[in-house]
Amino acid sequence: MWNKFLQRKKPVIHPSAGTSGKNIFTALAFLSPTLVIFCTFILFPVFFSFYLSFHKWNMFSSDRAFIGFENYRRLFTDPEFWMVLKHTLVYTLGTVPLNMVIALLIALALNRRIAGKRFLRTAFFTPVIISPVAAALIWRWIYDPNFGLLNYFTGLFGLPSVNWLNDPNTAMIALIIMGVWKTVGINMVLFSAGLQGIPDNFYEAADIDGAGRWAKFWHITVPMLSPTTFFIMIMSMISSFQVFDIVYVLTSGGPLGATKVIVFYMYEYAFKFFEMGYASAVAYIFFAILAILTLLQVKFMKTRAGYRAI
Amino acid sequence: MKIAQTFSHIFKKENPLVIPICTVALALSFTQCGAKKEKASEKVTITFWHSFVASTIPALDDLIEQYESENPKVKIKAQYVPTGDALIQKLITAIQSSTAPDISWIHSDFLADLVDANAIYEMNYFVNGKNGLSQSEIEDIYPALLQYASLRKRLYCIPMEATNLALVYNVDMLKDEGCHPELAPSNWEELEEYAVKLTKDFNGDGKNDRIGFFLPIFPAAGPLSGWMVWQWIPYLWQAGGYIVSEDQSEVLYNSEAGVKALTLWKNIYNKLNLRTFTTDYDVAFASKLVAMAMDGPWNLPRFNRLLRNLNWSIAPLPKGPVKEATIAGGEYLVIFKQSDHPDEAWSFIKWIIRPDIQARWSMRSGYLPMRRSASDVPEFKEYLLRHPNFKVFVDQMEVAQVQRSLDYGALQVTRHIAEAIEEATLGGGDPQEALDKAAAKSNKVLQSIRRNVE
Amino acid sequence: MNPDLQKSSRLFKDIIFHIIVYSLALVTIAPFIWMLLTSVKDIGDIFIYPPKWLPSKLHFENFSRAFQAAPFGRYYLNSIFVAVSVTLGQLFTCSMAAYAFARLQFKGRDILFYVFLGTMMIPYQVTMIPSFMVLYWLGWVDSYKAMIVPGLASAFGTFLLRQFFLTIPKELEEAAYIDGCSKFRVLWQIIIPLSKPALATLAIFTFMGTFNDFIWALIVVNSEHLRTVQLGLAVFRDRYVTDWDLLMAGSVMATLPILIVFFFAQKYFIKGITLSGIKG
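Sequence order as written defines residue numbering, which begins from 1 separately in each chain. For this description, chains carry letters from A and ligands carry numbers from 1, given in the order in which they are written. Where totals are concerned, whole chains, interfaces and linings use all residues; where local detail is concerned, this predicted model gives features only for residues with pLDDT of at least 70, and gives and counts side-chain atom pairs only at 80 or more.

Peer 1: Lay out the overall build of chain B in plain terms, naming residues and giving numbers.
Peer 2: Strands are runs of DSSP state E lasting at least 2 residues, helices are runs of H or I lasting at least 4, and numbering of each runs from the N terminus. From N to C terminus, chain B includes 20 helices and twelve strands. Residue burial in chain B is summarised as follows: out of 454 residues, 48% are buried. Burial is judged by counting the other C-beta atoms within 10 Å of a residue's own C-beta: 20 or more makes it buried, 12 or fewer makes it exposed, and any count in between marks it as partly exposed, with every C-beta position built from the backbone.

Printed below as a string of structure tokens:
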């Protein structure tokens, strides 16, 4: 019935009209501005970092000593590395699902008939706009065990005050809460954009057929959102994995290293101990892990969505 | 509409070259804008990188103006660089791109790396040169500062001013508790006693509403960990201890003295039920949430505004079981080898450390002079009389020490000490164990460096 | 069911719904409100306990003091100039690249796309020094070029637009191709108008990201006349000392342009753009 509508609109890539010989040429034409800048300012530094990971370099001098796989070997035998990896995974698992669910709910809510949409959207987006440093400073105050806003608030309800950022058990939770707060607006905006791209006729046709709200959500919204969802999931995972600013300002990896994440560990070796080679090695192992996780997600999406979402 | 038509006409023929050409044209156009027009001048420009906070900038501007009027051929370009990591990153990129300044502030954190990279001049080159310093002038500088400015027995930087650590306290609060407001806590026992007395839970909710003494506990891996260690070290010295042995072969901070010092901190931490502040102490102090804290002189100009609603005062650090001591610091200047005008840069530095200039600079900026004879300048003497708080800092310079030189591994050792402090206080661990654990790590680092160096 | 009962139960549900959403919005915006209120407080008022939201006296001079602490007027101009340039540039380059990845068939397309994605996974802290070296070799250190050109390409932006382009039904383009339109024309006249939500989204993120950037501006800029607002705000934070009142005032000033851009770009999110071009 109206499902047929859906199937007909599947965004499958057909062979384009035009001879295939010209294809690469045309493609290059479209890609060239991006490619030129990309290769110069993004790709080259990335490869240079890879090259650095086999060296020892304190960055102040121009001498770089080649040390082969020494950095990598050191990395794998450092217990601190595995600890920070664990912390990063915990943080990611804590923020990404929470973030996506809340963002989707808000985007859906804002899609309905509701008063003051512009204000609401702006309100949910303000955490994203505030510079990470200013936001982290404010939250540091909010979490202050003696004089902060959060403990004051919970105190009003008779709850005991929590030593948020200084208790190894609660510090990560505090970070996750702040992390979700800071980024939910981004995903909300992305979901909103995705929702706008779903044509009204689908919903209208479904209404005519008497489909309920849940059916509409599950059979129209979810599938049509899948490219957006895929994008959000990948980007959220990448950015959670790369969390740094808020850790740096809020907890500095403390207390007692309980919130040290990989990028913080890497940053320390780069700019505190001046071992850029080692830091680069960390970056590449980080990349490998993240790439594997992303591939897994891609496979997951491919098998679930009949759509070409990817 | 016409524009759209023209556009579509150009692109109708699907000429794939058009886009790359446009991109290149765009990129080329960029190379035109931003081209700086350099005016040839006979003036020598010295770039000076610093991290002075906003409140100190007027004093700096005055200083520069005076120098430029005395030396019309020279222009000093002072550029603010955010301190801490930002300074490091800027210096790295500057050195790599050959855009290093002539003079810059540095922190001892990376002095060793700068020296290893052969990026800075050895100061003796200038001190012993034609426009150098006489022996008496050198001796006039507080020896502790010169020691800190040296690495591997060579002088690599010159202190621009000095600082040390003292106690700042709220006079009214101490009076109310029957403490001696004139003397403040004069030794460790009194420090602990006052800290406990001054800590109050006014509304009985189990949370302390006022903290008697702000113990500076920060994450060991964070940007303030060095600051925390810097404030703990005087206690180590006051108990008669040292960080490292004279021959730098092993660390000594886990000695009895170290344990005593760390135990003092641990006791205060526990007795005050201190759940570490995540806000800065100075604002907490201004908000009457803290009774006593430690700080350096650089905040004095700010305090005049910040603390105007309080009755506050400065006292020397409490005396320890063995002796009186505080820690000296300051901002150190280096001259980069990439500089085109090292001699002029040196002249500027030499001028800054003149006693009368030091006196003026000190009075305006709140920093301390780095040499004794500045205190002989009449205006300065008067200033001290009118500013007893500042006088405390100046007087403390006599008992201000610096760490023994650690030519290699200083960063790691500082980190290990920080971890020990964090563990004993926040982590509730035993001071001796925490220090021993840290010392083991430090000794390992020292030994491996020795092996590499020999 | 009684139609009146139906109406009032729906009204009730509506009210509950509004309450929930507005409460959530209030909680989310609370830190920002606190920042606004703090920017006009006296510094002794900021951290008192119990926390006081409203300032006892309005200190608007915090703004003028902050503004005078450094040449913020110039910094503002620089920040806006750079952010606008990068945003426009990215809209241009990313839409073309995204179109290539979404619609064109060519060898190595998918691999190239994954390379793009891959570069996003390397933390910038290790690539920023090498990136700086590139700038140095080009001789662009301490210039506007250094702040703008590297930002003109974006894997994130390309990825975002590509995903969106994939959702646009092919039929529209097919019709255009049959009419003999060039690829570029299809992009310009069909895809782009339909992608306004995604383009607006990218514009917002890019503008904001560039405006809030600190570290890149820090390392490529020395001269005073090129500095941005974020660099200016750093003067209120020393290693050990934060000038909270000025920092908050400065941050509010830094946040305003982005808020304005966001508020107005929102109209692209409001429904009204329907793909009514699909006829039977």
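Peer 1: Which residues make up the overall build of chain A, and what are the values?
Peer 2: When you go through chain A residue by residue, the secondary structure sums to 13 helices and two strands. Taking the principal axes of its C-alpha atoms as reference, chain A extends roughly 70 × 65 × 30 Å. Burial status across chain A gives 52% buried among its 310 residues. Residue pairs qualify as contacts under a 7 Å threshold applied to their C-beta atoms, which are placed from the backbone. A separation of at least 24 residues holds for 68% of the contacts in chain A among residues at least 6 apart in sequence.

Peer 1: How would you summarise the interface of chain C and chain B if you had to cite specific residues and measurements?
Peer 2: At the interface, 33 residues of chain C touch 38 residues of chain B. Broken down by secondary-structure element, the contributors of at least two residues to the side of chain C that touches chain B are helix H5 (124-138), helix H6 (144-148), helix H9 (183-194) and helix H11 (215-220) of chain C. With four residues, H5 of chain C is the largest single contributor of residues to the side of chain C that touches chain B.

Peer 1: Run through the domain arrangement of chain B, naming residues and quoting values.
Peer 2: All names here are of chain B. Where each domain begins and ends is defined by an automated method or by a domain database. Taken domain by domain, chain B consists of domain 1 (44-164 + 329-401) and domain 2 (166-328 + 404-453). Taken over C-alpha atoms, the centre of domain 1 sits 27 Å from the centre of domain 2. Taken together, the contacts link 29 residues of domain 1 with 25 residues of domain 2. If you list the elements that add at least two residues to the side of domain 1 that touches domain 2, you get helix H8 (143-148), strand E4 (150-151), strand E6 (158-164), strand E11 (326-335), helix H18 (388-396) and strand E12 (400-401). Counting residues per element, the side of domain 1 that touches domain 2 draws most heavily on H18, which supplies five residues. When residue character is reported, Ala, Val, Leu, Ile, Met, Phe, Trp, Tyr, Cys and Pro are called nonpolar, Asp, Glu, Lys and Arg charged, and the others, Gly included, polar. Here the side of domain 1 that touches domain 2 is built from residues that sort into 14 nonpolar, twelve polar and three charged.

Peer 1: Give a description of the nonpolar core that names residues and reports values.
Peer 2: All names here are of chain A. Among buried residues, those of type Ala, Val, Leu, Ile, Met, Phe, Trp, Tyr and Cys that are joined through C-beta atoms within 7 Å form a set called a nonpolar core. Counting 327 residues, the largest nonpolar core has Met-266 and Val-282 as its most contacted members. The leading source of residues in this core is helix H8 (residues 168-196), at 16 residues. The contacts of Val-282, once residues within four sequence positions are left out, are Leu-75, Ile-262, Tyr-265, Met-266 and Tyr-269.

Peer 1: Give me the sheet that holds strand E9 (residues 290-295) of chain B: which residues, what numbers.
Peer 2: Residue and element names in this part refer to chain B. In this description, strands pair whenever DSSP reports at least two bridges between them. Pairing within the open sheet is mixed, and its four strands lie in the order E8-E9-E7-E10. In this open sheet, the two strands that pair with only one neighbour each are strand E8 (211-213) and strand E10 (312-315). Taking the axes of each pair of neighbouring strands and ignoring which way they run, one obtains an average angle of 25° across the sheet. Direction of pairing for E8 relative to E9: parallel, over a ladder of two bridges. Opposite Ile-211, over in E9, you have Val-290 as the bridge partner. For helices, the axis comes from a line fit to the C-alpha atoms of the stretch in contact; other axes are also lines fit to C-alpha atoms, and the angle between any two N-to-C directions lies between 0 and 180 degrees.

Peer 1: Mind laying out the interface of chain C and chain A, listing which residues take part and the relevant values?
Peer 2: Taken together, the 72 residues of chain C in the interface contact 80 residues of chain A. If you list the elements that add at least two residues to the side of chain C that touches chain A, you get helix H1 (3-38), helix H3 (72-103), helix H4 (109-119), H5, helix H7 (155-166), helix H8 (170-178), helix H10 (196-211) and helix H13 (244-265) of chain C. The element that contributes the greatest number of residues to the side of chain C that touches chain A is H1 of chain C, accounting for nine residues. A class-by-class count of the residues in the side of chain C that touches chain A yields 48 nonpolar, 19 polar and five charged.

Peer 1: Give me the lowdown on the confidence of the model for chain A, citing residues and values where you can.
Peer 2: Residue and element names in this part refer to chain A. Scored by pLDDT, chain A has a mean of 83; 91% of the residues are at 70 or more. Predictor confidence is given residue by residue as pLDDT, running from a minimum of 0 to a maximum of 100. Looking at the elements of chain A, mean pLDDT is at its lowest for helix H1 (residues 2-8), recorded as 43, and at its highest for helix H4 (residues 79-111), recorded as 93. In the predicted structure, residues 1-21 sits below a pLDDT of 50 and forms 25 contacts with residues beyond four places in sequence or in another chain. Taken as a whole, residues 306-310 scores under 50 in pLDDT and shows 13 contacts with residues more than four places along the chain or in a different chain.

Peer 1: Explain the packing of H4 of chain A against helix H10 (residues 213-241) of chain A to me, using residue names and the numbers behind them.
Peer 2: All names here are of chain A. Between H4 and H10, the least distance of the axes is 9 Å, while the angle of their chain directions is 145°. Relative to H10, H4 is oriented so that their crossing is right-handed. Across the interface between the two elements, Thr-88, Tyr-91, Thr-92, Thr-95, Val-96, Asn-99 and Met-100 of H4 pack against Ile-232, Met-233, Ser-236, Met-237, Ser-240 and Phe-241 of H10. Each helix crossing is assigned a hand: it is left-handed if the near helix lies turned anticlockwise from the far helix by less than a right angle, otherwise right-handed if that turn is clockwise.

Peer 1: Before we move on, could you go through the environment of Asn-309 of chain B and cite the residues and values that matter?
Peer 2: Locating Asn-309 of chain B in the fold gives a position in the loop between helix H14 (300-306) and E10. Distance in space between the C-alpha atoms of Asn-309 of chain B and Ser-287 of chain B is 9.4 Å, their sequence separation being 22 residues.

Peer 1: Can you break down unusual backbone geometry residue by residue, with the values?
Peer 2: Residue and element names in this part refer to chain A. With a phi close to 55°, Phe-274 is a non-glycine residue in the positive phi region. Summarising the element assignment, Phe-274 is placed in the loop between helix H12 (262-271) and helix H13 (276-304). Assessed through the 24 C-beta atoms surrounding it within 10 Å, Phe-274 is described here as buried.

Peer 1: Before we move on, could you go through H5 of chain C and cite the residues and values that matter?
Peer 2: Residues and elements named next belong to chain C. Expected helix span is taken as 1.5 Å per residue step, with the number of steps being one fewer than the number of residues. Taking 1.5 Å of rise per residue, 15 residues should cover 21 Å, and H5 covers 20 Å from first to last C-alpha, within 8% of that figure. For H5, the set of buried residues is Gln-125, Val-126, Thr-127, Met-128, Ile-129, Pro-130, Ser-131, Phe-132 and Leu-135. A positive phi of about 80° marks Gly-139, the residue just after H5.

Peer 1: Let's hear about the pairing of strand E3 (residues 103-106) of chain B: which residues, and what values?
Peer 2: Residue and element names in this part refer to chain B. Every second residue of E3 is oriented toward a common face, with Ile-103 and Trp-105 on one face and Ser-104 and Ile-106 on the other, all of them buried. Two strands pair when backbone bridges link them, and strand E1 (residues 44-50) and E3 are joined in this way by two bridges, in the parallel orientation. Within E3, the residue paired with Trp-49 across the bridge is Ser-104.

Peer 1: Describe the packing of H1 of chain C against H13 of chain C, with residues and values.
Peer 2: All names here are of chain C. Look at H1 against H13: their axes get within 8 Å of each other, and the N-to-C directions meet at 115°. Of the two elements, H1 crosses H13, and the hand of that crossing is left-handed. Residues Met-35, Leu-36 and Thr-38 of H1 form the contact with H13, whose own contacting residues are Trp-244, Met-248, Ser-251 and Val-252. Considering only residue class, the contact of H1 with H13 consists of five nonpolar, two polar and no charged.

Peer 1: Now, about the confidence of the model for chain B: what can you tell me, with residues and values included?
Peer 2: Residues and elements named next belong to chain B. With 89% of its residues at a pLDDT of 70 or more, chain B shows a mean pLDDT of 85. The spread of mean pLDDT over the elements of chain B runs between helix H1 (residues 2-12), the lowest at 43, and helix H12 (residues 256-271), the highest at 94. In this model, residues 1-18 is a region of pLDDT below 50 whose contacts with residues beyond four sequence positions or in other chains number 14 contacts. pLDDT under 50 marks residues 27-40. Its contacts with residues more than four places away, or in other chains, come to seven contacts. Quick note on the complex model: pTM equals 0.84, ipTM equals 0.81.

Peer 1: Residue-level account of the environment of Val-243 of chain A, with values.
Peer 2: Residue and element names in this part refer to chain A. For Val-243, the location among the structural elements is in the loop between H10 and helix H11 (245-250). Taking the C-alpha atoms as reference, Val-243 lies 16 Å from Pro-127; in sequence the two are 116 residues apart. If sequence neighbours within four positions are ignored, Val-243 has contacts with Tyr-91, Gly-179, Val-261 and Val-263.

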